[in-house]
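Chain by chain, the residues:
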Amino acid sequence: MVLAEPGWDERVEAWLSKQTRILQDIFPARRASIRELLGQPRPYVETRGGGRHYFSRRDLEEAASKLPAELLDAPIFPIVFARGEAEDLYLVRGAEAAAAFAKLSDLRGLDRLPTGEFYTYKSLVLHFLSRYPSLGIITG
């Protein structure tokens, strides 16, 4: 039988609390459309932790010039990439976000898992974020 050292539970709880705060500080409370964001003097959305995720106007304008009209009013930014079960797999939540990611990455579309979720690969996510650093976030 292995006994935990004194204070171990408190340290683990403190660590988990800190990790939760970090995630809340980057995870958007909501997503916004390009049209809405471009209407702001300094484009941003609030995070779940009460902070702000700021967008580059250049990223937004470039994306707006490449996306079809039906995606300009879709609340999809920032695009959230969540780590999948496989090492290099990332999930993209929502059909409109998947379509925007594919279009901005010069892909025909994204495949789906048997669960219906859209997915892509780490290398494509990293390439996307190198081109549009403010338009997406990675969680998990």
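For the structure itself, look to the data block above.
Definitions and limits used
- Residues numbered from 1 in each chain as written.
- Predicted model: local features only at pLDDT ≥ 70, side-chain atom pairs only at ≥ 80, totals over all residues.
- Heavy atoms only, no water.
- Core = buried A, V, L, I, M, F, W, Y, C linked by side-chain atoms within 4.5 Å.
- Buried < 20%, exposed > 50% of the residue type's maximum accessible area, 1.4 Å probe, protein only.
- Helix = DSSP H or I, 4+ residues; strand = E, 2+ residues; numbered from the N terminus.
- Contact = heavy atoms within 4.5 Å.
- Pairing = 2+ DSSP bridges.

Draft legend 1. Structural context of the nonpolar core. Counting residues in each nonpolar core, the largest one holds 30 residues, and the members touching the most others are F77, F128 and L135. Of all elements in the fold, only α2 (34-38), α3 (57-66), α4 (69-72), β3 (79-83), β4 (89-92), α5 (95-104) and α6 (122-131) reach the threshold of two or more residues within this core. In terms of residue count, the dominant contributor to this core is α5 (six residues). Apart from the residues lying within four places of it in its own chain, the contact partners of F77 are R31, A32, I34, L37, V45, F55, L67, A100, L104 and L135.

Draft legend 2. View of the environment of F128. If you trace the backbone, F128 turns up in helix α6. For F128 and A102, which are 26 residues apart along the polypeptide, the C-alpha to C-alpha distance reads 9.5 Å.

Draft legend 3. A look at the environment of I79. With respect to the helices and strands, I79 occurs in strand β3. Taking the C-alpha atoms as reference, I79 lies 9.8 Å from E96; in sequence the two are 17 residues apart. Apart from the residues lying within four places of it in its own chain, the contact partners of I79 are R31, V92, A97, A100, F101, F128, L135, G136 and I137.

Draft legend 4. A look at the pairing of β4. The two faces of β4 match: L89 and L91 on one face and Y90 and V92 on the other face are all buried. With three bridges connecting them, β3 and β4 associate as antiparallel partners. Bridge pairing in β4 links R83 to Y90. Between the antiparallel neighbours β3 and β4 lie five residues. Alignment of β4 against strand β6 (residues 118-121), held across four bridges, turns out to be antiparallel. Across the sheet, the residue bridging to L91 is Y119, located in β6.

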